[in-house]
Amino acid sequence: MGFWDVLLFNIATVLGPRWIAAAGHNGTSSISLWVIAAVCFFIPGAFVINELSSRFPDEGGLYVWAKEAFGDFHGFVAGWTYWVYTVFYFPGLLLASASMSAYIFPEKGATLAQDRPFLLEVSLGLLVIAVLLNIIGLNIGKWLQNAGGVGTYLPLLMLVAIAALVYFRQGSMTHFTWANMMPTWNWDTVNFWSQIAFAFTGLELVSAMSEEVRDPRRTLPRAVFGAGAMIALAYIAGTFAILTLAPAADLDPKSGVFHAITAGAVVLKVAFLGILAAVLVSVGNAGGVGSTVAGIARVPFVVGIDSYLPSAFGKIHPKWKTPYISILVQAGLSGAILLLSQIRSETVQAAYQMLIDAAIILYFIPFLYMFAGVLKLAKRKDRLENPHAVLVPGGKIGLWISGVLGFFVVLVGIFVSLVPPGDAANKLSFELRLVGGTLVSILIGLALYWRGARSKVS
């Protein structure tokens, strides 16, 4: 993977139209939340990821960094939660992707976006495609990720262009003021705040495959900041655009981008643009699933090699040289959770929100290790002696600002994810299922760790 492969991989992994839809559904205050998240989380996170991935360019990413900083046990906890979050994340991503692809059929788009059988069939189809291409290997699978990066960014450019034309023709559907763009604390909507930070995550994924990147010490930092600038701009401009085309109350938090594009295309009498955007984002979402499968599957592969997980996780395919067991297990569990989430939930939206919150909580645990770990690992003498290390700028002050600020934002993100959203039909049931699901996931990992630790001793 070269520079452009990695840059497009990062875009496909991080940038998500569904986060713009969620931001639009939340309203105009999302504008300032994007800026705050970019400054207080995304930039510190990029600095820390660049330093750690250049100092420790080994497959495994967050697992390796936590292990280096805090030892085997904490490394396993970071690696396990980082992997198991995908069991909840993939179903949510797949549901959102299927919901967006419904707008390929403009007359039925809004109906199909809430139709369970349609969403399940498309979701499982996307998962199968992503898994097969990544088992075959990155030489082929990377084309899915490259197409994903392009297919994700182009519809958002279309969204902004359509919004600009509609604005000059008939004005905006939403009134923007400095006051209404500022964040306001509301227990019914604060759950959404964690999604803003979560929308900026994923840059660490390619570091888990650093051994498959050409000249990783040079390529990774350039690709991270190049993609980062494009992603931040897309989120902020996209939120302005979606609210220009439709009021917040009309926007579905999964597929609202395509509702807005379709509405704008009708005003401009170019309805085919809505269909084209839906086709492009379907490819983009397949790339997002594919890139996430490719990156995170390497974590249990490395942990498997270390013998804390069953040895099968460490196996590679004899022909395609990929961690195929890890990929297949990951996909199988995700498919099962996808089906169960639909059976147990009153609505598609309730199932989606539950999956997102569980994924955020589990995903942010290794980020706590990452931000704390970069401070601890800074004490090593080899940090300044390593000529290839891309250090956090600003010396010790810059390092501490990045580490502490990132740690605080992640901690707040976990807390607000535990707050039931205002539209939850049964808040107690939502809370019990959310907490129970995440705790069980962690306990299963701990049981596997102690099993592996005992077998290594014996």
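Remember, predicted model here, so these are calculated numbers, not experimental data.

(A) Region of the structure containing the packing of aromatic side chains. For the coordinates displayed, the defined rule picks out 30 aromatic pairs. Considering the side-chain rings of W34 and F200, the 5.6 Å spacing of their centres and the 90° angle between planes classify their relative orientation as edge-to-face. On the criterion of sequence distance, the pair formed by W34 in helix α3 (residues 30-55) and F200 in the loop between α9 (193-198) and α10 (216-245) is long-range, its members being 166 residues apart. Given a relative accessible area of 0%, W34 falls into the buried group. In this structure F200 comes out as buried when scored by relative accessible area, which is 3%. Judged by centre distance (6.1 Å) and plane angle (35°), the rings of F41 and F367 are tilted.

(B) Local environment of a nonpolar patch on the surface. Taken together, the side chains of V35, V39 and I43 present a nonpolar region at the surface, about 230 Å² in accessible area. Positionally, V39 belongs in helix α3. For V39, a relative accessible area of 48% translates into the label partly exposed.

(C) Main features of the environment of L205. One can find L205 in the loop between α9 and α10. With a relative accessible area of 2%, L205 lands in the buried category.

(D) Layout of the nonpolar core. Formed by 126 residues in total, the largest nonpolar core has its most connected members in F41, L159, F200, Y235, V257, F364 and M370. Considering every element that reaches this core, the biggest residue donor is helix α15 (residues 348-377), with 18 residues. Leaving out residues up to four positions away in the same chain, F200 has contacts with V14, W34, A37, A38, F41, F42, I231, A232 and Y235. Of all hydrophobic cores here, the second largest spans five residues; its members include A66, V77, I365 and Y369.

(E) Region of interest: the pattern of salt bridges. Per the counting criterion, the structure on display carries four salt bridges. A salt bridge links R55 to E51; the shortest N-O distance between them is 3.5 Å. Taken together, the residues span about one helical turn, with R55 and E51 both in helix α3 at a distance of four residues. According to the relative accessible area criterion, R55 is buried, its value standing at 7%. Sharing partners across several salt bridges, the network here consists of E51, R55 and R383.

(F) Representation of helix α1 (residues 3-14) within the structure. The end-to-end C-alpha distance of α1 is 16 Å, a good match for the 16 Å that twelve residues give at a rise of 1.5 Å each. The element α1 is largely enclosed, with a buried count of eleven among its twelve residues. Taken as a whole, α1 has its buried residues at F3, D5, V6, L7, L8, F9, N10, I11, A12, T13 and V14.

(G) Inspection of the confidence of the model for the protein at higher detail. Confidence in the prediction for the protein averages 80 pLDDT; 84% of positions are at 70 or higher. The secondary structure element of the protein with the lowest average pLDDT is helix α13 (residues 298-305), at 52, and the one with the highest is helix α17 (residues 395-417), at 93.

Reading guide: rules and limits
- Residues numbered from 1 in each chain as written.
- Predicted model: local features only at pLDDT ≥ 70, side-chain atom pairs only at ≥ 80, totals over all residues.
- Heavy atoms only, no water.
- Phe/Tyr/Trp six-rings, centres within 6.5 Å; stacked < 30°, edge-to-face > 60°.
- Helix = DSSP H or I, 4+ residues; strand = E, 2+ residues; numbered from the N terminus.
- Buried < 20%, exposed > 50% of the residue type's maximum accessible area, 1.4 Å probe, protein only.
- Patch = residues over 30% accessible without salt bridge, like charges linked within 9 Å, V, L, I, M, F, W, Y side chains within 5 Å.
- Areas by Shrake-Rupley, 256 points an atom, 1.4 Å probe, with all protein chains shown as cover.
- Salt bridge = Lys/Arg side-chain N within 4 Å of Asp/Glu carboxyl O.
- Core = buried A, V, L, I, M, F, W, Y, C linked by side-chain atoms within 4.5 Å.
- Contact = heavy atoms within 4.5 Å.
- Expected span 1.5 Å × (residues − 1).
- pLDDT = per-residue confidence, 0-100.

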